[in-house]
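# Close look at the chain arrangement
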Amino acid sequence: MIQAFQKFSQSRIAKVFLAIVALSFIAFFGGGNFFRPHDPNAVVAEVGNLAISRYELTEKVQQYAQRMAADSGKSPSREELLKADLPQMILWELIHELLLNLETKHLGLTVSDDILRDRIHSIKAFQNENGAFDKDHFVQILRSNGLSEDTFISEIRQGLVREQLSDAIMVGAYLPDAMIDPLFDAQYQHRQVAMLMVSIKDIPPPPPPSNEVLEAFYKEHQKEFETPELRTISLLILDPGVIGKEIPVTDEEIKETYEAKSEIFGKQKLEDIKALVVAEVQKEKSIEKIYKLTQEIDDKIAGGATFEELSPTIPGAQLIKLTDVNIHGQDRMETVSPQLPQDGEFTQEILKASFELEEGSDSPFTQANNGAYFTARVDKVSPPAFQPFAEIQGRVLKIWSENEKIKEAYAKADKYKQEFNQGNRKAALMTLLPNISLSEPSPTVPDGVKNLIYSLHLGQAGVAHTPEGFAVVVLNKVIPPDPKVREEKMAAFKEALLKHYQNDLLTSYVNALRVRYPVKVNSAALKSLYTQ
């Protein structure tokens, strides 16, 4: 899904209209609150004399996430958005737009009302079932998203002016065949390779070393044997999905929810999905109930009540005790606590909040991204400490043995490589791999091996590290693209390559504008999006 976004965001139309058109989806899909900035007025970036606020960036992230959900049918988690660096990607798009806005103003570029009207009428979100622009629908979507017609039209006009400048930059781009042909050949050629795998698990364990050798290894790698800060934590969790099961629901509430959330339930008949609708109603009612409940519990805790006293009085509440865990939820033996929730993102939210508290303190109730509420109390803090050699000698021996096996496996693989390159091919030991091409997936071949294959000369051997051990790879043959492939693929390849080149030109131009319009990014404000 993230890859789909990245591909979509590179299109011309997306860069100009994505943030605007995405508003129409919020009206129908709702807005999941992935990021909650403490200070919405904090500036995340300055472009010339213009500023981008943290609130503006947060809103754009929400809009893009909703667009991704609408396109894929699956809502991305906060974890997925952060892993894909979505906030940074969107911030770059906003900076990109402001730089072009400033330059178009400097150049005095404008767009006619006729072109503006045609573009707005072409946006599918504003069209009826016959494909014609629907004024009432247009006004309804803008109103539901708190936008005035003038503001929206101004955004579209500015986007068209940016597009006008972008077109002028990219229109003359050209790539000669002398450049395209070698790139096409590299993309669609096949490489025939043979491989010999030296597996770490096949290397026999080394003889036990002396205590002097093992202790020296411990001292050399002492950082690996440091126990991080450990905490004993008590958690009180209120999950709407659990508490809501006991809440009664009326037929009228079921009907209202079914009709109001048609985008969730689709065209399925109510009687076929009644259980799902009931669960949705119960969840909504439980959220309202839990919110009030958390206020009451917070007051009782402030008055001296403990989690242990309160938990039995709250139907559906979960009391969890985590003993001596690190920030990843692992104990001293690096085993994840079985008491933690199965939801990985929820677990990270709990642990992060718990490790920000002082010993003996508790947090107010917090709503997690999955809708559950939790409060954490830190019962004990054990600071980081180096474990004495005598206490973990067995663990040190295990790690030393694994290191020795890895060194032995690499030495063996490297010896094979040297012999291959000196003419002793040992063909009987090699396994012929399926032909490899950059244009085709090869999921059975590790990435490290693929990278090595395309760095070797014909007949040359090399060594690549893999999860299993070390692969000795020999490039046997390079097979040029089939003439039919060239005939079928060349036109699309040229077009894609030209688009990449045009985007590179536009990016270079925009980067050059930073000299005239300096860009400053507030890293602390941006980072705060990750730490809410």
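Definitions and cut-offs
Residues numbered from 1 in each chain as written. Predicted model: local features only at pLDDT ≥ 70, side-chain atom pairs only at ≥ 80, totals over all residues. Heavy atoms only, no water. Core = buried A, V, L, I, M, F, W, Y, C linked by side-chain atoms within 4.5 Å. Buried < 20%, exposed > 50% of the residue type's maximum accessible area, 1.4 Å probe, protein only. Helix = DSSP H or I, 4+ residues; strand = E, 2+ residues; numbered from the N terminus. Phe/Tyr/Trp six-rings, centres within 6.5 Å; stacked < 30°, edge-to-face > 60°. Pairing = 2+ DSSP bridges. Salt bridge = Lys/Arg side-chain N within 4 Å of Asp/Glu carboxyl O. Axes fitted to C-alpha atoms, helices over the stretch in contact; angles between N-to-C directions. Parallel < 35°, antiparallel > 145°, perpendicular 65-115°, else oblique. Contact = heavy atoms within 4.5 Å. Nonpolar A, V, L, I, M, F, W, Y, C, P; charged D, E, K, R; others polar.

### Digging into the nonpolar core
The biggest cluster of nonpolar side chains holds 29 residues, and the ones touching the most others in it are V44, I52, L57, I90, L91, I95 and L99. Residue assignment for this core shows that the elements contributing at least two residues are strand 1 (43–47), helix 4 (54–72), helix 6 (86–107), helix 9 (149–170), helix 20 (483–516) and helix 21 (523–527). If one sorts the elements of this core by residue count, helix 6 sits on top with nine residues.

### Regarding the packing of aromatic side chains
Applying the stated criterion to the full structure yields eleven aromatic pairs. Ring geometry for F138 versus F152: centroids 5.7 Å apart, planes at 70°, classification edge-to-face. Remark: F152 occurs in helix 9 and F138 occurs in helix 8 (residues 135–144); sequence separation between them is 14 residues. Each of the two residues, F138 as well as F152, counts as buried. Ring centres of Y188 and F493 lie 6.2 Å apart, and the angle between their planes is 75°; on these two criteria the pair is classed as edge-to-face. Highlighted residues: Y188 in helix 10 (residues 177–188) and F493 in helix 20, separated in sequence by 305 residues. Note on Y188: relative accessible area 17%, which makes it buried.

### Description of the sheet that holds strand 12 (residues 469–479)
In spatial order, the strands read 10-3-12-11; together these four strands make up an open sheet with antiparallel pairing. The open sheet has two free edges, formed respectively by strand 10 (431–432) and strand 11 (461–465), since each of these has just one partner strand. Note: strand 3 (residues 190–199) against strand 12, ten bridges, orientation antiparallel. Note on strand 12: the bridge partner recorded for H190 is I479.

### Overview of the pattern of salt bridges
For side chains of opposite charge, pairing can occur when their charged atoms come near one another. Scanning the entire structure with this criterion turns up 20 salt bridges. Across the salt bridge formed by D113 and R157, the nearest N and O atoms sit 3.0 Å from each other. Highlighted residues: D113 in helix 7 (residues 113–122) and R157 in helix 9, separated in sequence by 44 residues. Of the charged contacts, one joins E356 and K352 as a salt bridge, the two residues approaching to 2.5 Å between their closest N and O atoms. Owing to a relative accessible area of 56%, E356 belongs among the exposed residues under this scheme. Bridged by salt links that share partners, the residues E308, K321, R377 and D379 form one connected network.

### Comments concerning the packing of helix 7 against helix 9
In the contact formed by helix 7 and helix 9, the axes pass within 10 Å of each other and the chain directions differ by 110°. Relative to helix 9, the element helix 7 lies roughly perpendicular. Within the contact between the two elements, helix 7 uses D113, I115, L116, R119 and I120 and helix 9 uses I153, I156, R157, L160 and E163. Considering only residue class, the contact of helix 7 with helix 9 consists of six nonpolar, no polar and four charged.

### Describing the packing of helix 13 (residues 251–260) against helix 15 (residues 274–302)
Interaxial distance between helix 13 and helix 15 falls to 9 Å at its minimum, and their mutual angle equals 100°. The orientation of helix 13 with respect to helix 15, classified from their angle, is roughly perpendicular. Seen from helix 13, the contacting residues are D251, E253, I254, T257 and Y258; seen from helix 15, they are K274, V277, V278, E280, V281, E284 and K285. When grouped by side-chain class, the residues that make up the contact of helix 13 with helix 15 number five nonpolar, one polar and six charged.

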